[in-house]
Amino acid sequence: MITEATRPAAIPPPMPGVIADLAEQGRAHLAANAPASARAALAAAVAGGDARAGTLLNLALAEQECGAHRTARRRMHRLALAHPEWEEPPLRLAESLRPRRPRLAARLYDAALSRAPTRSEALIARGVLHLQAGNASAAQLLLLRAAGLAPDHLQAWDALGRALLAGAAPGPARAAFHQAARLAPGDPGPALHAVQAAFAAGEAAAEHDRLRAAMAASPLDPVPVLAAARLCELQDAPEAIDLFEVAAALAPQAKLPAALLGAALARAARPAEAAEAFAQAHACDPEDARLANDYAAVLVRLYRHAEARALLQRALAASGPNRIVLTNLTTATVSLGLQEEALGHAEAALAADPTSPLAHRNHVNILPYHPDTTGAALTRALIACAAHLPRPPAPPDFPRPPVDAPDRPLRLGLLSGSLRTHPVGWLTIAAFEALDPARFHPIALAQTSGSDAIARRFRAVCREWHDISRLDDAALAARARALGLDLVIDLGGYGDSGRMTACAYRLAPVQIKWVGMQSHTTGLAEMDWLITDRWETPPELEGLYTERLLRLPDGYVCYSPPPYAGPVAALPAQSRGGGVTFGCFNNLAKVTPRVLAAWAEILCRLPDARLVLKTHAFTDPSSCARIRDAFAARGVAPARLDLRTGSPHPAFIAEYHEIDIALDPFPYSGGLTVCEALWMGVPTVALAGEFFAARHAASHLCNAGLADWVTDHVEDYIAMACRRAADIEALAALRAGLRARVAASPLCDAPRFARHLGAALQECWQAWARPALTDGQSSPASIAALAE
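Residues numbered from 1 in each chain as written. Predicted model: local features only at pLDDT ≥ 70, side-chain atom pairs only at ≥ 80, totals over all residues. Heavy atoms only, no water.

*Asks:* Got a minute to help me understand the nonpolar core in this structure?
*Replies:* What tends to happen in soluble globular proteins is that the nonpolar side chains get buried as a cluster. One finds Phe432, Trp514, Phe582, Trp599, Ile602, Phe631 and Tyr717 to be the most contacted residues of the largest nonpolar core, which totals 123 residues. A total of 10 residues in this core trace back to one element, the largest contributor, which is helix α34 (residues 750-769). Looking at which domains feed residues into this core, each of domain 1 (410-552) and domain 2 (572-748) gives three or more. Residue contacts for phenylalanine 432: discarding those within four places in its chain leaves Leu412, Leu414, Phe458, Val461, Ile489, Leu491 and Trp514. By size, the runner-up hydrophobic cluster in this structure holds 54 residues, among which are Ala240, Leu265, Phe278 and Ala359. (Core = buried A, V, L, I, M, F, W, Y, C linked by side-chain atoms within 4.5 Å. Buried < 20%, exposed > 50% of the residue type's maximum accessible area, 1.4 Å probe, protein only. Helix = DSSP H or I, 4+ residues; strand = E, 2+ residues; numbered from the N terminus. Domains from an automatic or database assignment. Contact = heavy atoms within 4.5 Å.)

Here is the structure:
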């Protein structure tokens, strides 16, 4: 709203009374937050001949509030040209453009300041834009002026504190935040910022004392409690969550305490409680897209994918294209088995921000699930993703050891957020335990930590354990180089808790990809090697990989069967008197329409057969109905389907007692699920594809001696399932001896696997350390020879 003080000096003569009244009514409506009424009154005044600049600008502001952005901006632009001494039009135009076009907004703020150098709103806004662009020093100069000119302006002091903090002056920043807090004692923002500054300045103890005094003085004030909770969280103090809970209880109608409590609970791996806290926060402000996104992310961790999808769809409708919301919506949607819709969301996230590494990671993570994805297309997408990762201006220099340097144990970094009960854990821990400790010293670079049985095994095998969760990629790379690592094995890829992006900064002279979101090549020029085998990457597919392939003589993983897996049960088909039970315990993201069509055809050809599908997604009734409808459309009665929800792992494993034959999905094949099925005596029919994730099952089956259960074509897949199901006696005989066969195979032979892995890692090291003495190539035969 424009007042007399901000109008230009030269204004037209007074208007007739009715016209002036309309302009005044419009101004009042604008002040009362009634933009539609304001627009109507002001437009009538202008149509009646009111050409005063203040009226025209008020009309532009009303148009802006009503959503007529282009009309409003054109009017502001004309006013800025017509009144070159008046700062208000470029200032208002800058405010309008700032969310979408910050660079243009910055130029307009500069224009406003050239006309009115002491205008505090322009100084603050321009300073914040400098700060967002990474220019902390320029921001500080403008914000110091703003704070001096408007010492009672909350935003001036808070923004100044942020600029000082960004400029590595946390002590003065803390003082600025304290001043902002004094101006708005009920606003938790400055108090939380002051905590951040105190922690950075090494003044946490003093800040603790100040907050404790404030809590004692006002025990029902949630602001100091919330700030104290945040300070405890920064210090990893266990009472942080308790304090967040107190703050949320003191302010049940405020979203911020509940949201911070939810975030803390999520980081503490307490997702069910986090969901309750986020629900409370979301109820306070259902329109907050960022809050809805955080809430949905926790729901996804709880396998409540349908709820998460609905929540994110509402957030997207309210906020418009939002890269972060679209990323989580992609995950929630594909988890329900809606691959085509999920890919659309991933592509929309890329369109919203084509240079975003997160959008590219999201895209390459969804592609392996889509039925039309080829190996070449996935390679191209992964190369594009890697190209958008931040990198240092020049790669770090790692001096090679002298040729005559004595051998020593290699410092082997394990980069992962999954060093626990997780597919990464089940498929790697036995290998690390069996590595020769005289030759390798494993060192954990852990994004997350666990306390389960496998996490404890990783803790025992690692010489050092480093929590990297609070380090960005550049800081992580610096930490890794300071640790003097010789080799780093990435075990997370582009997954949720993966830190492979840090490998673009190069953590060690030799970087290797193995397990953990290993869907295909990494596309990363800095990733030197990829651990694989002859079934995952046959020679004809080698051109799809940007890394050198480190083919182990046997399979590329070493499976650790769970100790609670009971004995293999008798073949269910025999006890049922005929008619096999097929099963698939993979997540629904892998079950594409083509997979459903193949499975329906198998059931149509075998009228006595039934199919058990088990996944967390079946807690959603609409997903169950969609799957049943897909089979019914192909002539399969609903009674022949048994759709089961998720369960704890011991119960999950035990349900293989009811399965005769497992059906592997495609193109994204099962990995750990195939190993588990084999251990429980259940063979798997698999279809091998082009990219790495499309060949997991083929690798595990071949490694266990069941290569004849793998095919290359859908029709052969269907025929094989029917043929295997017809020979009950052969199935029973295979089942009776399968566990012993798997246990004796390289798939579960940890000492054998570790010898090969150790030889391969030594070969990688030598290829870098003594390139003149090696050809830089590797082969299964050379690794096997070195392992002897």
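*Asks:* Before we go on, may I ask you to explain the sheet that holds strand β11 (residues 661-663) in this structure?
*Replies:* An order of β10-β9-β8-β11-β12-β13 is seen for the 6 strands of this open sheet, with the pairing classed as parallel. At either margin of the open sheet sits one strand with a lone partner, and together these are β10 (641-644) and β13 (710-711). Each of β8 (581-584), β11, β12 (684-687) and β13 touches helix α32 (residues 714-726); the most contacted strand, β12, lies at about 170° to it. (Pairing = 2+ DSSP bridges. Axes fitted to C-alpha atoms, helices over the stretch in contact; angles between N-to-C directions.)

*Asks:* Help me understand the environment of proline 442, please; the structure alone is not making it clear to me.
*Replies:* Of note, proline 442 is situated in strand β2 (residues 440-446). In contact with proline 442, other than residues within four places in its own chain, are Leu412, Leu414, Val461, Cys462, Arg463 and Glu464.

*Asks:* I would appreciate a short explanation of helix α10 (residues 170-183) in the present structure.
*Replies:* Since the α-helix packs 3.6 residues into each turn, any two residues three or four apart lie on the same face. End to end, α10 covers 20 Å across 14 residues, agreeing with the expected 20 Å (1.5 Å per residue, within 8%). Within α10, the full set of buried residues consists of Pro170, Ala173, Arg174, Ala176, Phe177, His178, Ala180 and Ala181. Close packing links the buried residues of α10 with α9 (154-166), α11 (188-201) and α12 (204-217). (Expected span 1.5 Å × (residues − 1).)

*Asks:* What exactly am I supposed to notice about helix α25 (residues 473-482) here?
*Replies:* What α25 keeps buried is the set Asp473, Leu476, Ala477 and Ala480. Across the axial projection of α25, the buried residues extend over an arc of 100°, all falling on one side. Taken together, the buried residues of α25 touch β1 (410-416) and β2. The N-cap of α25, judged by a side-chain oxygen 3.3 Å from the amide nitrogen of alanine 474 a few residues on, is aspartate 472. (Arc of directions from axis to C-beta. Polar contact = N/O pair within 3.5 Å; in protein donor to acceptor, adjacent residues only side chain to side chain.)

*Asks:* What exactly am I supposed to notice about the pairing of strand β9 (residues 610-614) here?
*Replies:* Across a regular strand the side chains alternate sides, sitting on one face of the sheet and then on the other. The buried fraction of β9 amounts to 4 of the 5 residues, a majority that puts the element mostly inside the structure. Inspection of the sheet shows β8 paired to β9 by 4 bridges, in the parallel sense. Across the sheet, residue threonine 581 finds its bridge partner in β9, namely arginine 610. Between the parallel pair β8 and β9, the chain is carried across by helix α27 (residues 593-605), and the sense of this crossover is right-handed. (Right-handed = clockwise from strand over helix to strand, strands pointing away.)

*Asks:* Hey, could you run me through the domain arrangement of the protein in this one?
*Replies:* You'll often see interface size given as the accessible area lost when the parts meet. As assigned here, the protein comprises domain 1 (410-552) and domain 2 (572-748). At the junction of the two partners, domain 1 supplies 17 residues and domain 2 supplies 13 residues. Across the interface of domain 1 and domain 2, roughly 1,300 Å² is buried in total on both sides, 66% from carbon and sulfur atoms. Joining domain 1 to domain 2, the criterion identifies 0 salt bridges. (Buried area = accessible area lost by both parts, 1.4 Å probe. Salt bridge = Lys/Arg side-chain N within 4 Å of Asp/Glu carboxyl O.)

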